[in-house]
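In case you want the letters, here they are:
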Amino acid sequence: MKKIRSYHALIKKIRQNLKRKKDLKLTPYGKVKEKNKTYILYKIQSKKIRKQDKVLLITTGFHGEESAGPLTIRDQLKEIVDDANQVKVKILIYPCINPS
């Protein structure tokens with residue numbers, strides 16, 4: 001896995017990967033400000049989640065120095081989504097909770 005150069009590069013790559021997945025969307029859900037930098041926080045989710053749907057929730061990137069989770073989402077998103085679709089589960093992914 002390649003090293004994450006920046007939070008913005010991570011989100012850019014995830015956005016590129018999502019162009020091939022029409023059933024998913026990347027949406028902002030909040031923002032944090034740290035050391036005069038503002039980071040917009042994003043989530044990846046199935047476009048149509050109904051109350052009765054089963055949902056797989058994945059959160060990564062709690063600690064800024066632990067990059068394995070965000071890198072896995074970046075590099076394995078297709079496989080995660082394909083597996084969830086196969087068992088008819090919707091997804092909700094927070095790829096990086098702590099972008100700093």
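Remember, it's a predicted structure, so these values are computed and weren't measured experimentally.

Asker: Run through the pattern of salt bridges, naming residues and quoting values.
Answerer: The full count for this structure, using the stated rule, is four salt bridges. The salt bridge partner of aspartate 82 is lysine 21, with a shortest N-O separation of 2.8 Å. One end of the pair, aspartate 82, is in helix α2 (residues 68-86); the other, lysine 21, is in the loop between α1 (7-18) and β1 (24-34), and 61 residues separate them in sequence. A relative accessible area of 28% means that aspartate 82 is categorised as partly exposed. According to the relative accessible area criterion, lysine 21 is buried, its value standing at 15%.

Asker: Describe the pairing of strand β3 (residues 55-59), naming the residues involved and giving the relevant values.
Answerer: One ladder, built from five bridges, connects β3 with strand β4 (residues 90-94); its direction is parallel. Looking at the pairing, leucine 56 lines up with isoleucine 91 of β4. Handedness of the crossover is the feature at issue here: the chain leaves β3, passes through α2, returns alongside β4, and the resulting connection is right-handed.

Asker: Residue-level account of the side chain of aspartate 53, with values.
Answerer: For aspartate 53, the position within the fold is in the loop between β2 (37-46) and β3. The exposure class assigned to aspartate 53 is buried, which follows from its relative accessible area of 16%. Only 2.6 Å separates the side chain of aspartate 53 from the backbone nitrogen of arginine 50, close enough to count as a polar contact. Contacts of aspartate 53, omitting those with residues within four sequence positions, involve Lys48 and Lys90.

Definitions and limits used
- Residues numbered from 1 in each chain as written.
- Predicted model: local features only at pLDDT ≥ 70, side-chain atom pairs only at ≥ 80, totals over all residues.
- Heavy atoms only, no water.
- Salt bridge = Lys/Arg side-chain N within 4 Å of Asp/Glu carboxyl O.
- Helix = DSSP H or I, 4+ residues; strand = E, 2+ residues; numbered from the N terminus.
- Buried < 20%, exposed > 50% of the residue type's maximum accessible area, 1.4 Å probe, protein only.
- Pairing = 2+ DSSP bridges.
- Right-handed = clockwise from strand over helix to strand, strands pointing away.
- Polar contact = N/O pair within 3.5 Å; in protein donor to acceptor, adjacent residues only side chain to side chain.
- Contact = heavy atoms within 4.5 Å.

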